[in-house]
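Residue-level listing of the chains:
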Amino acid sequence: MLLQRNKLGSVRPPKRCRSDMDNISTSDIVIINGNSHPDLANSVAERMGIKNGGCSVFHKSNRETIVEISDSVRGKDIYIIQTGTKDANNNIMELLIMAYACKTSSARSIVGVIPYLPYSKQCKMRKRGCIVSKLLAKMMCTSGLTHIITMDLHQKEIQGFFDIPVDNLRASPFLLQYIQESIPDYRNSVIVARNPGVAKKANSYAERLRLGLAVIHGEQKEAESDEVDGRYSPPPTSSRQRTTSVSVGVPEHPSKVKPPLTIVGDVNGRIAIMVDDLIDDVQAFVAAAEMLKDNGACKIYVLATHGLLSSDAPRLLEESVIDEIVVTNTIPHEVQKLQCNKIKTIDISILIAEAIRRIHNKESMSYLFRNVTLED
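Residues numbered from 1 in each chain as written. Predicted model: local features only at pLDDT ≥ 70, side-chain atom pairs only at ≥ 80, totals over all residues. Heavy atoms only, no water.

Trainee: Just checking my understanding: could you explain the overall build of the protein for this structure?
Mentor: Counting its secondary structure elements, the protein contains nine helices and 16 strands. Per-residue burial for the protein yields a buried fraction of 48% across its 376 residues. Taking all contacts inside the protein whose residues are at least 6 apart in sequence as the whole, residues at least 24 apart take part in 66%. Surface exposure of the protein reaches about 20,400 Å², of which carbon and sulfur atoms provide 50%. (Helix = DSSP H or I, 4+ residues; strand = E, 2+ residues; numbered from the N terminus. Buried < 20%, exposed > 50% of the residue type's maximum accessible area, 1.4 Å probe, protein only. Contact = heavy atoms within 4.5 Å. Areas by Shrake-Rupley, 256 points an atom, 1.4 Å probe, with all protein chains shown as cover.)

Trainee: Looking at this structure, I do not really get the side chain of His306. What am I missing?
Mentor: With respect to the element layout, His306 can be found in strand E14 (residues 299-307). Residue His306 is classed as buried on the basis of its relative accessible area of 1%. A polar atom in the side chain of His306 sits 3.0 Å from the backbone oxygen of Met151. Once residues lying within four places of it in the same chain are set aside, the contact partners of His306 are Pro115, Tyr116, Met151, Asp152, Asp277, Leu278, Ile279, Val327, Thr330 and Ile331. (Polar contact = N/O pair within 3.5 Å; in protein donor to acceptor, adjacent residues only side chain to side chain.)

Trainee: Would you mind going over the environment of Ala193 with me for this structure?
Mentor: Along the chain, the position of Ala193 falls in strand E10 (residues 189-193). Its relative accessible area of 0% is what places Ala193 among the buried residues. Spatially, the C-alpha atom of Ala193 lies 6.2 Å from that of Ile216, the residues being 23 residues apart in sequence. Discounting residues that sit within four places of it in the chain, Ala193 has contacts with Val198, Ala199, Ala202, Ala214, Val215 and Ile216.

Trainee: Teacher, can you tell me more about the nonpolar core here?
Mentor: Side chains of a nonpolar character, in soluble globular proteins, are inclined to be buried together. Counting residues in each nonpolar core, the largest one holds 50 residues, and the members touching the most others are Val44, Ile191, Ile273 and Ile356. Broken down by element, this core gets its largest block of residues, seven residues, from helix H9 (residues 349-360). The next biggest cluster of nonpolar side chains, apart from the first, holds 30 residues, and it includes Val30, Ile80, Ala137 and Met140. (Core = buried A, V, L, I, M, F, W, Y, C linked by side-chain atoms within 4.5 Å.)

Trainee: Explanation requested: the packing of aromatic side chains in the structure shown.
Mentor: The relative placement of two aromatic rings is captured by the distance of their centres and the angle of their planes. Across all of its chains, the model carries zero aromatic pairs by this definition. A cation sits over an aromatic face here: Arg194 above Phe285, 4.5 Å from the ring centre. (Phe/Tyr/Trp six-rings, centres within 6.5 Å; stacked < 30°, edge-to-face > 60°. Lys NZ or Arg CZ within 6 Å of the ring centre and 35° of its normal.)

Trainee: Honestly, the state of the cysteines in this entry has me stumped. Any pointers?
Mentor: Structurally, a disulfide amounts to a covalent bond that connects the sulfur atoms of two cysteines. Counted under the stated rule, the structure contains zero disulfides. With no disulfide of its own, Cys102 lies 7.1 Å from the sulfur of Cys55, the closest cysteine sulfur. Using a relative accessible area of 0% as the deciding quantity, one classes Cys102 as buried. (Disulfide = S-S within 2.5 Å.)

Trainee: What's the story with the side chain of Ser349 in this structure? I'm lost.
Mentor: Relative to the helices and strands, Ser349 is located in helix H9. When its relative accessible area of 0% is taken as the criterion, Ser349 is described as buried. What Ser349 contacts, discounting residues up to four positions off in sequence, is Leu40, Ser43, Val44, Arg47 and Asn329.

Any functional reading would require information that these geometric values do not contain.
And the structure:
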């Protein structure tokens, strides 16, 4: 490298321009993937102009997971692209074994690229259960991962469960651009939160698009947490029990009674756009869409980052009053698209590729949260 001298005579390296995908050093970077979403991994590798590393992940007859890495990973930066799907447990085990295989093969760094983090909705204490996201984070850190890249976590606080750096990318710029370019007369739209818990995300969309906001209040029970369990039972009576019960004087906790579905906001004659981070069990979306239609909404769109679409979700969406469902390709859903023509896909591989490039070149990641576009 030619060195230049400044006016004081000291040697300084020449100025370096901000690099693109073409300037990335491919000699010490390896991208491998499991069986969860090979199309996304291949797309990311293609955008970065490198070859997908040789990694074979298969299951024995007793369902044990076997990982074989054909290329050398010694002293290299490894990026494992493995997202969550309906087969979440196998996805997790494949990721952990791949990371541990790279760790024991003397890889310099191991970055887990997990667009949809499994068990992310189990990040709060429920009944006598546990916070599964915390357990999953500990397992990932122990397996050898040194960095995590994910997208639109169900709760941002999940990042605190990890003892390693976590970059939580955002898909909202892609979805916002889709609204502006693919929804005719989007200025006549209103952003809808299907429950108060999504109101913050919906308000963010409404502010960026300068549109109105509507919130649907009062929903059917979403989880068993609303059901009566042993915690509501009175203390047992026994001859050995002390005469003074500890429950005496403790106020009774009133039970929750959800009101009927109501809409806070005006949707009459407007295009209703429901936003969320995950669409899986679609009964709540279908019920909300029917209510919006009854209140005069002319068209109904559903936008979500992750389209898990489990069970008979495609059939329910096809038969519903929803006009279009827009999701990103963080989760494979090609089979679901064959069953429902309303599902549209946005490719976010360019965002993941740019995140990998920036981490590898030790560049700032904050740029991605301000200037994300669909342009190649």
